[in-house]
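This is what each chain is made of:
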Amino acid sequence: ATTKIHRRCYRPSPLLSSKDDEAELLPPCDVVKGPSLLRTTNHRPRPSLLHLPGLRSLPFWSQQMKSKNNENTTAEASTTRVAYQDPSLSWAVQHFESNWETILEEYKKGAPSIPSDYQVDTEHSLHKGSWDWHSYMLKGKRQDIFEKKFPKTAAILQEVREKGLLFEHVPFGYSFFSTLHGNSLIAAHSAPTNLRLRLHLPLIVPTLEKMPSEKDPSTGVPSCGMRVGPITRPWETGRALLFDDSYDHQVWNETDTTRVLLLVDLWHPDVIAQERKDIVALFDHAKKEGWWSAST
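Residues numbered from 1 in each chain as written. Predicted model: local features only at pLDDT ≥ 70, side-chain atom pairs only at ≥ 80, totals over all residues. Heavy atoms only, no water.

Notes on the sheet that holds strand E14 (residues 241-243)
Turning to step 1, where the next piece is worked out: Overall, antiparallel pairing links the 6 strands, which are arranged E6-E5-E7-E16-E9-E14 in an open sheet. Sheet topology places strand E6 (141-142) and E14 at the edges, where each strand pairs with a single neighbour.
Turning to step 2, where the next piece is worked out: As paired elements, strand E5 (residues 131-138) and E6 share 2 bridges and run antiparallel to each other. Looking across to E6, one finds that Met137 is bridged to Arg142.
Turning to step 3, where the next piece is worked out: Each of strand E7 (175-180), strand E9 (196-204) and strand E16 (259-267) is contacted by helix H3 (residues 100-110), which is oriented at about 70° to E9, the strand it contacts most.
Turning to step 4, where the next piece is worked out: Along the sheet face, helix H5 (residues 151-162) touches E5, E6, E7 and E16 and points at about 50° away from the line of E5. (Pairing = 2+ DSSP bridges. Helix = DSSP H or I, 4+ residues; strand = E, 2+ residues; numbered from the N terminus. Contact = heavy atoms within 4.5 Å. Axes fitted to C-alpha atoms, helices over the stretch in contact; angles between N-to-C directions.)

Okay, here's the thing in structure tokens:
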């Protein structure tokens, strides 16, 4: 049976309130009675395999906002705001940020005792240096060893599963401790699909320095950070980054120390429940027919 989906059109809902802050998120754009139309073709979502039309897209779906701790102090605290104030994604960000210290403690205790399960594939390819994984979910399947070694972190991820947010049962679904060692690089690439959004929860972040940009010596980029579309950002310990990896993106650690984060793939919030069931069924059928294998 064919499911007809009538998608809503959205006026661009800026992630931030001020025009100056909004300008950081995207290149100049023309506003029409629907999505924004970028005036450049350089930074648009371009998944390599499967594209579902009509999904809202931004390179980054999160932004660190500075706010006063209380009315009687000038001190500022950083809070993470999610694009469109999406309730499910906002919950996920708050959920992981509130548990980051527990997750870090388990990583330090458990990760040294088990080998990395990173394997080069068509989606994840290290281009320089060393990259270790300790996976909760590989290609949509949960890994038993993770739950044994990291039970508290597994319980935190289980809560995400119970809310139907985890991008599982699909061969493009991943969740793992990502340990990018010093002087390592993951070159520019785009995800195979726009069905997911990717969350990074930084646990260990090297001390950041500036290094000259190859394109413009007059500017600098973080010595450890990532670029999604036109935007470059560093990681901040305990503060989630939520982004659309169907944009061209790259990651680097040009320091001599290790960067560690928990990576979690989530369903794009515009993919409704019935579509999610249909997408999982599509891949199940492809596997049964021999069109798709676990090693693909």
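Observations regarding unusual backbone geometry
Turning to step 1, where the next piece is worked out: For Gln85, which is not glycine, the phi torsion reads 50° and is therefore positive.
Turning to step 2, where the next piece is worked out: A residue is classified by how much of its surface remains accessible, and Gln85, at 56% relative accessible area, is exposed.
Turning to step 3, where the next piece is worked out: Its identity is not glycine, yet Asn183 carries a phi of approximately 55°, on the positive side.
Turning to step 4, where the next piece is worked out: Looking at the secondary structure, you find Asn183 in the loop between E7 and strand E8 (184-189). (Buried < 20%, exposed > 50% of the residue type's maximum accessible area, 1.4 Å probe, protein only.)

Some thoughts on H3
For an α-helix, the turn length of 3.6 residues means that residues three or four places apart are oriented alike.
Turning to step 1, where the next piece is worked out: Among all positions of H3, only Ile103, Leu104, Glu106, Tyr107 and Gly110 are buried. Down the axis, H3 shows its buried residues gathered within 165° of arc, on one side only. Exposed and oriented more than 90 degrees from the buried face of H3 are Glu101, Lys108 and Lys109.
Turning to step 2, where the next piece is worked out: The elements touched by buried residues of H3 are helix H2 (87-97), H5, E7, E9 and E16. (Arc of directions from axis to C-beta.)

A short note on the side chain of Arg198
Turning to step 1, where the next piece is worked out: Residue placement: Arg198 occurs in strand E9.
Turning to step 2, where the next piece is worked out: Here the side chain of Arg198 touches Asp265 through a polar contact of 2.6 Å, side chain to side chain. (Polar contact = N/O pair within 3.5 Å; in protein donor to acceptor, adjacent residues only side chain to side chain.)

Examining helix H6 (residues 273-288)
Turning to step 1, where the next piece is worked out: The first and last C-alpha atoms of H6 sit 23 Å apart over 16 residues, in line with the 22 Å expected at 1.5 Å per residue.
Turning to step 2, where the next piece is worked out: Directly beyond the C-terminal end of H6, a positive phi value near 80° is found at Gly290. (Expected span 1.5 Å × (residues − 1).)

Overview of the pairing of strand E15 (residues 249-253)
Turning to step 1, where the next piece is worked out: Taken across its 5 residues, E15 has 4 buried, putting it largely inside the fold.
Turning to step 2, where the next piece is worked out: With 5 bridges joining them, strand E12 (residues 224-228) and E15 adopt antiparallel strand pairing. In the strand pairing of E15, Met226 is matched with Val251.

What about the packing of H3 against H5?
Turning to step 1, where the next piece is worked out: Orientation of H3 relative to H5, taken along the N-to-C sense of each, is 140°, at an axis distance of 8 Å. One element, H3, and the other, H5, form an angle in the oblique class. Taken as a pair, H3 and H5 cross one another with a handedness that is left-handed. Between H3 and H5, the contacting residues are Thr102, Ile103 and Glu106 on the first element and Pro151, Lys152, Thr153 and Ile156 on the second.
Turning to step 2, where the next piece is worked out: Considered class by class, the residues forming the contact of H3 with H5 number 3 nonpolar, 2 polar and 2 charged. (Parallel < 35°, antiparallel > 145°, perpendicular 65-115°, else oblique. Left-handed = near helix turned anticlockwise from the far one by under 90°. Nonpolar A, V, L, I, M, F, W, Y, C, P; charged D, E, K, R; others polar.)

With respect to the packing of H2 against H5
Turning to step 1, where the next piece is worked out: Where H2 meets H5, the closest approach of the two axes is 11 Å, and the angle between their N-to-C directions is 170°. In terms of orientation, H2 lies roughly antiparallel with respect to H5. For the pair H2 and H5, contact is made by Trp91, His95 and Phe96 and by Ile156, Leu157, Glu159 and Val160, respectively.

Notes on the nonpolar core
Turning to step 1, where the next piece is worked out: Residues Phe96, Leu199, Leu242 and Leu266 are the most contacted members of the largest nonpolar core, which totals 35 residues.
Turning to step 2, where the next piece is worked out: Contributing elements (two or more residues each) for this core: H2, H3, E5, H5, E9 and E16.
Turning to step 3, where the next piece is worked out: Once residues lying within four places of it in the same chain are set aside, the contact partners of Phe96 are Ile103, Ile156, Leu157, Val160, Leu199, Leu201, Leu262 and Val264.
Turning to step 4, where the next piece is worked out: Within the second largest apolar cluster, 20 residues are counted, among which are Trp131, Tyr174, Phe243 and Val251. (Core = buried A, V, L, I, M, F, W, Y, C linked by side-chain atoms within 4.5 Å.)

Structural notes on the sheet that holds E8
Turning to step 1, where the next piece is worked out: A sheet is described by the order of its strands in space; here 4 strands give the open sequence E8-E15-E12-E13, paired in antiparallel fashion. The sheet is open, and its two borders are formed by E8 and strand E13 (231-234), each paired with just one other strand. In this sheet, neighbouring strand axes are inclined to one another by 15° on average, regardless of whether the strands run parallel or antiparallel.
Turning to step 2, where the next piece is worked out: Relative to E13, E12 runs antiparallel, the two sharing 4 bridges. The residue bridging Arg227 from the neighbouring strand is Thr232, located in E13.

Details of the pattern of salt bridges
Turning to step 1, where the next piece is worked out: Taken as a whole and judged by the stated rule, the model has 12 salt bridges.
Turning to step 2, where the next piece is worked out: In this structure, Arg161 engages Glu168 in a salt bridge whose closest nitrogen and oxygen atoms are separated by 3.0 Å.
Turning to step 3, where the next piece is worked out: Where salt bridges share partners, they join Arg196, Arg198, Asp245 and Asp265 into one cluster. (Salt bridge = Lys/Arg side-chain N within 4 Å of Asp/Glu carboxyl O.)

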